[in-house]
Amino acid sequence: MSNDILKQLTDILEARKQIADAETSYVASLHKKGLNKILEKVGEECTETILAAKDAQASGDNTEVIYETADLWFHSLVMLSHLGENADAVLNELARRFNISGHDEKASRTSNNH
């Protein structure tokens, strides 16, 4: 199910990047404003997600952290789209990491400057 949603969202994001009017499409307006604006939104959503997680821990209600995480993922996908990538690239990277110790994976990034 999740891959279907990511595929649908990827297709929509690409279509709006390519042909949508910035006056009527939020995604097109972000692309028109450029990478810095998109990164600003990713940062904003990241902060909101962190704060929602802190609130969720205190309240025991995860509703807001799920909502904010969806916003963060959405804006991250817009960023990837702007850079010519999509969710498949991230899913492929996650798949590559299966059966690799987290410590080993982190060490390989440090030695490869990732």
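I will try to describe carefully the structure that is included in this document. The model shown is predicted, which means the values in this text are computed figures rather than measured ones.

## Examining a negative patch on the surface
Now for step 1: A surface patch of negative charge is lined by Glu-48, Asp-55, Asp-61 and Glu-64.
Now for step 2: Residue Glu-64 is classed as partly exposed on the basis of its relative accessible area, which comes to 45%.

## Let's talk about the environment of Lys-17
Now for step 1: Assignment of secondary structure puts Lys-17 in helix H1 (residues 2–19).
Now for step 2: Separated by ten residues in the primary sequence, Lys-17 and Val-27 place their C-alpha atoms 6.8 Å from one another.

## Describing a nonpolar patch on the surface
Now for step 1: Residues Val-90, Leu-91 and Leu-94 make up a contiguous nonpolar surface patch of roughly 220 Å² in combined accessible area.
Now for step 2: Residue placement: Val-90 occurs in helix H5 (residues 87–96).

## Structural notes on helix H3 (residues 35–59)
Now for step 1: For H3, which comprises 25 residues, the first-to-last C-alpha distance of 35 Å matches the rise-based estimate of 36 Å (1.5 Å per residue) to within 8%.
Now for step 2: Of the residues making up H3, those classed as buried are Ile-38, Lys-41, Val-42, Glu-45, Thr-49, Ala-52 and Ala-56.
Now for step 3: The inward-facing, buried residues of H3 contact helix H2 (26–33) and helix H4 (63–82).
Now for step 4: Where H3 terminates, the next one or two residues include Gly-60, which has phi positive at roughly 80 degrees.

Calculation notes
Residues numbered from 1 in each chain as written. Predicted model: local features only at pLDDT ≥ 70, side-chain atom pairs only at ≥ 80, totals over all residues. Heavy atoms only, no water. Patch = residues over 30% accessible without salt bridge, like charges linked within 9 Å, V, L, I, M, F, W, Y side chains within 5 Å. Areas by Shrake-Rupley, 256 points an atom, 1.4 Å probe, with all protein chains shown as cover. Salt bridge = Lys/Arg side-chain N within 4 Å of Asp/Glu carboxyl O. Lys, Arg positive; Asp, Glu negative; His and termini not counted. Charge placed at Lys NZ, Arg CZ, Asp CG, Glu CD. Buried < 20%, exposed > 50% of the residue type's maximum accessible area, 1.4 Å probe, protein only. Helix = DSSP H or I, 4+ residues; strand = E, 2+ residues; numbered from the N terminus. Expected span 1.5 Å × (residues − 1). Contact = heavy atoms within 4.5 Å.

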